[in-house]
Amino acid sequence: MRRTFVALALGALVVAGWPTTPAFAQAAKTARGSVTAMAADSINVKVQGVDMKFAVDAKTTVEARGAGTKSRAAQRAGMAGPKLSDVVKVGDAVEVSYHDVGGALHAAKIRAVANPGPATAAEAASKTSNGTVKSVSATSMSISGTAGCGATFDQTFTIDAKTKVIGKGAGTAAAAKGGRTAITDLIAAGDKVTVHFHDMGGTLHAAEVRVTTKAAPAK
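Residues numbered from 1 in each chain as written. Predicted model: local features only at pLDDT ≥ 70, side-chain atom pairs only at ≥ 80, totals over all residues. Heavy atoms only, no water.

## Overview of the pattern of salt bridges
So, step 1. One pass over the structure, following the stated rule, counts six salt bridges.
So, step 2. Among the salt bridges present, the one from E95 reaches R32, with a minimum N-O distance of 3.9 Å. Taken together, the residues E95 in strand β6 (residues 93-101) and R32 in strand β2 (residues 29-39) connect sequence positions 63 residues apart. Accessibility classification places E95 together with R32 in one group, the buried group.
So, step 3. K127 serves as the salt-bridge partner of D199, at 3.9 Å between the closest nitrogen and oxygen. Of this pair, D199 sits in strand β12 (residues 192-200) while K127 is found in strand β8 (residues 127-136), placing the two residues 72 residues apart along the sequence. (Salt bridge = Lys/Arg side-chain N within 4 Å of Asp/Glu carboxyl O. Helix = DSSP H or I, 4+ residues; strand = E, 2+ residues; numbered from the N terminus. Buried < 20%, exposed > 50% of the residue type's maximum accessible area, 1.4 Å probe, protein only.)

## With respect to the environment of G131
So, step 1. Its location among the elements puts G131 in strand β8.
So, step 2. For G131 and K192, which are 61 residues apart along the polypeptide, the C-alpha to C-alpha distance reads 5.7 Å.
So, step 3. Beyond its immediate sequence surroundings of up to four residues, G131 is in contact with I143, S144, G145, D191, K192 and V193. (Contact = heavy atoms within 4.5 Å.)

## Brief notes about the side chain of S42
So, step 1. Within the element layout of this structure, S42 appears in strand β3 (residues 42-47).
So, step 2. If sequence neighbours within four positions are ignored, S42 has contacts with K53, F54, A55, V56 and L84.

Here's what the structure looks like:
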């Protein structure tokens, strides 16, 4: 399959807001998954169940089948280049090379691939944190803990239907609700937990939360 690079030209949407070249001197990260949504200036890609949003502009290049043909067609029509949606569609598998600029993800290159996985080795590797729950909701959980050097840290994890909760009484509580129960029914502030998670470009997705010690009940 032949792929051709094409620089996306988004006209007036290519505005200030992204730092100049030195800020992009950092090594690019990569993420691989399926396109879930697109706009004139952004693309959303689901990577291992986590939705990541990347900004796109005239500096973003796309490598995909037919990109060269569409680029030439756009130029014949008097446009600088095709729209991103002319080259990539929702549902396509892509690999995105990007820079994390203060928490905002900028796509440097979008490459069409045969399948959406696996993700990059760094993202696929599970990491572990131990700490005490500060807060928990249906979609997120924050913990505080102490690193090996003695320094304290806070982390916030994304919670979704794929997050597995393990702890005393968790199975019984889930069974009582037909196999479906909210994490807030199983975990509370003050509980000590071990979290196995994946770092998706700075977004921490909790794959498993194991309750090691329940918080003492309030008197």
